[in-house]
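A structural walkthrough
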Amino acid sequence: MSQEATMICIDNSEWMRSSDFLPTRLEAQQEAVNIICQVKLQINPESTVGLMTTAGRIQILSSLTTDVDKLLTTLNELKIEGESDVIASLQIAQLALRNRQHTRQQQRIILFVGSPIKSEINTLVALAKQLKKNNVAVDIINFGEDEINTEKLEKFVSTVTKGDSSRLVSVSSVHNLTDYLVSSPILSSEMGTTGFTETGVNPNLDPELAAALELSLAESRQSNNAASDTKATTQVMNAGLEEEDALLSEAIALSLQTAKQENQDVKMSIDDKEQNKINENKEDNESPITFEEDENENEDEDEYEDIDAGVNEDEEDLKMALEMSLLGTKQENENENENNQNSDKSNSGK
């Protein structure tokens, strides 16, 4: 096999938290990248592989190297952040390939796309033409959002490819990402011609490692299948619980409505009884109240008449007393005048 310098672009966007690919999109992607690294480096010892991210602050995790342990260590430190930028990632990967160890190495980018591509088709086609001109092949693993991205990626791959140098693999969530990738054109031809198994190891070169990886892969599949069954069972149970909750909510609403209507009826009955009682009391009390009021008014009028009569009698008595006093005073004055006249006469006779 020819020498290759391969930059693997890993989607580490927030979409990688989804669990439609078990256990998550990120971990399923890490397992697939692991296989690719081992296959690429064991096919030809002079081939090199580098890793980089496509989301958030795009980083080159590992420059082109032949050290598989370094690649796997870096892969395990991958963090989720931001949104994926396919255009910028491909441009940076192209620059990284220019620094390959040997110019005779063929240039290849393997791009993982697990989130919606926001770039327009025209922009992707223009970049594809540039990559084709620079002899850069591009393999794309489209997963998770494959229905959304397929049209754009097909146009991109058809533009960038020379012969069958570039390939597009779209994987739905019903498949295991690693298994599907191993059987895809991206890896199947290389693994078949070199004796590699789906673990990425040639059993003729290292049978013990190949057996251990086969066992690990089988356990991983079993765990994923169990998780899938558990997830399906949980979904069924949740659906049943949701239906029960809906029925219970409906019953509670009906019960509350009935209780509310009963309370209104009781309240209306009580109000009617109270109103009737008030009307009866009003009818019983109307006549006596009127009689007592008239009687009280008459008593008050009599009292006023008695008071007026008493005042008038007092005025008459006072008037008579004043007249008597005036008559007495007048009589005394007349007597005194008469005495004075008599006294004067007596004195003149002497």
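Everything that follows concerns the structure shown earlier in this document.
Residues numbered from 1 in each chain as written. Predicted model: local features only at pLDDT ≥ 70, side-chain atom pairs only at ≥ 80, totals over all residues. Heavy atoms only, no water.

1. Quick notes on unusual backbone geometry
This is how it is decided: Under the DSSP-based scheme used, a helix requires at least four consecutive residues in state H or I and a strand at least two consecutive residues in state E, with every element numbered from the N terminus.
Each neighbour pair has its own omega, and for Leu22 with Pro23 the value is -5 degrees, a cis peptide bond. Tracing the backbone through its elements, the reader meets Pro23 in the loop between strand 1 (4-10) and helix 1 (25-43). Of note in the backbone geometry, Asn135 takes a positive phi value of approximately 60 degrees without being a glycine. Along the chain, the position of Asn135 falls in the loop between helix 4 (121-133) and strand 5 (136-143).

2. Some words on the sheet that holds strand 1
Applicable threshold: If DSSP finds at least two bridges between two strands, the strands pair. Axis geometry follows a simple rule: fit a line to the C-alpha atoms, using only the stretch in contact for helices, then measure angles between N-to-C directions, giving values from 0 to 180 degrees. Should any heavy atoms of two residues lie within 4.5 Å, those residues are counted as being in contact.
One open sheet accounts for six strands, arranged 3-2-1-4-5-6; its pairing is mixed. Both edges of this open sheet fall to strand 3 (60-65) and strand 6 (167-171), since each of them pairs with a single strand only. Each strand of the sheet is rotated relative to its neighbour by a mean of 15 degrees, with strand direction disregarded. Sheet analysis places strand 5 next to strand 6, joined by five bridges and oriented parallel. Residue pairing for strand 6: Asn142 is matched across the bridge by Ser170. In this fold helix 3 (residues 86-97) packs onto strand 1, strand 2 (48-53), strand 3, strand 4 (106-113) and strand 5, with an angle of close to 155 degrees to the strand it touches most, strand 4.

3. Focus: helix 4
For an α-helix, 3.6 residues make a turn, and residues three or four places apart therefore share a direction. Rule in force here: Under the convention used throughout, the expected extent of a helix is 1.5 Å for every residue step, that is, one less than its residue count. Partly exposed residues are those whose accessible area sits between 20% and 50% of the maximum for their type, while under 20% is buried and over 50% is exposed, using a 1.4 Å probe and protein chains only. The directions from the helix axis to the C-beta atoms form the arc being described.
Relative to the 18 Å expected for 13 residues at 1.5 Å per residue, helix 4 spans 18 Å between its end C-alpha atoms, a close match to the ideal helical length. Those residues of helix 4 that sit buried are Leu124, Val125, Leu127, Ala128 and Leu131. Summarising the axial view, the buried residues of helix 4 lie within an arc of 165 degrees, below the 170-degree limit, and thus occupy one face. Exposed side of helix 4, more than 90 degrees from the buried face: Asn122, Lys129 and Lys133 are the residues found there. If you follow the buried residues of helix 4, they end up packed against helix 3, strand 4, strand 5 and helix 5 (146-160). Where helix 4 terminates, the next one or two residues include Asn135, which has phi positive at roughly 60 degrees.

4. Considerations on the packing of aromatic side chains
Just so we agree on the cut-off: For this analysis, a ring pair means two rings from Phe, Tyr or Trp (six-membered ring only for Trp) whose centres lie within 6.5 Å, classed as stacked if their planes differ by under 30 degrees, edge-to-face if by over 60, and tilted for the remaining angles.
The final tally for this structure, using the stated rule, is two aromatic pairs. Relative to Phe143, the ring of Phe21 lies with its centre 5.5 Å away and its plane at 85 degrees, an arrangement referred to as edge-to-face. Here Phe143 lies in strand 5 and Phe21 lies in the loop between strand 1 and helix 1, a separation of 122 residues in the sequence. Summarising the burial analysis for this pair, Phe21 and Phe143 share the class buried. Ring geometry for Phe112 and Phe143: centres 6.4 Å apart, planes at 80 degrees, overall edge-to-face. Residue Phe112 is found in strand 4, and its partner Phe143 is found in strand 5; the two are separated by 31 residues along the sequence. Considered together, Phe112 and Phe143 belong to a single accessibility category, that of buried residues. A network of ring pairs unites the aromatic residues Phe21, Phe112 and Phe143 as a single cluster.

5. Some points on the pattern of salt bridges
Threshold: We count a salt bridge whenever a side-chain nitrogen from Lys or Arg sits within 4 Å of a carboxyl oxygen from Asp or Glu.
For the structure shown, the criterion picks out nine salt bridges. When the shortest N-O distance is used, the salt bridge between Arg108 and Asp139 registers 2.9 Å. Residue Arg108 is found in strand 4, and its partner Asp139 is found in strand 5; the two are separated by 31 residues along the sequence. Taken together, the shared-partner salt bridges connect Glu4, Lys40, Arg108, Asp139 and Arg167 into one network.

6. Some details on helix 5
The condition that has to hold: Here the bend at a residue is taken as the angle between two axes, fitted respectively to the seven residues that end there and the seven that start there.
For helix 5, spanning 15 residues, the distance from its first C-alpha to its last is 19 Å, which sits close to the expected 21 Å at 1.5 Å a residue. At Lys152, helix 5 shows its largest kink, close to 30 degrees. Every buried residue of helix 5 is listed here: Asp146, Asn149, Thr150, Lys152, Leu153, Phe156, Val157, Thr159 and Val160. Looking at the buried positions of helix 5, the neighbouring elements they touch are helix 3, strand 4, helix 4, strand 5 and strand 6.

7. Focus on the environment of Leu153
Tracing the backbone shows Leu153 in helix 5. Leu153 sits in the buried class, given a relative accessible area of 2%. When the C-alpha positions of Leu153 and Leu124 are compared, they lie 8.3 Å apart, and in sequence the two are 29 residues distant. The contact partners of Leu153, leaving out residues within four places of it in the chain, are Ile117, Ile140, Asn142 and Leu168.

Read these as geometric descriptors, not functional statements.
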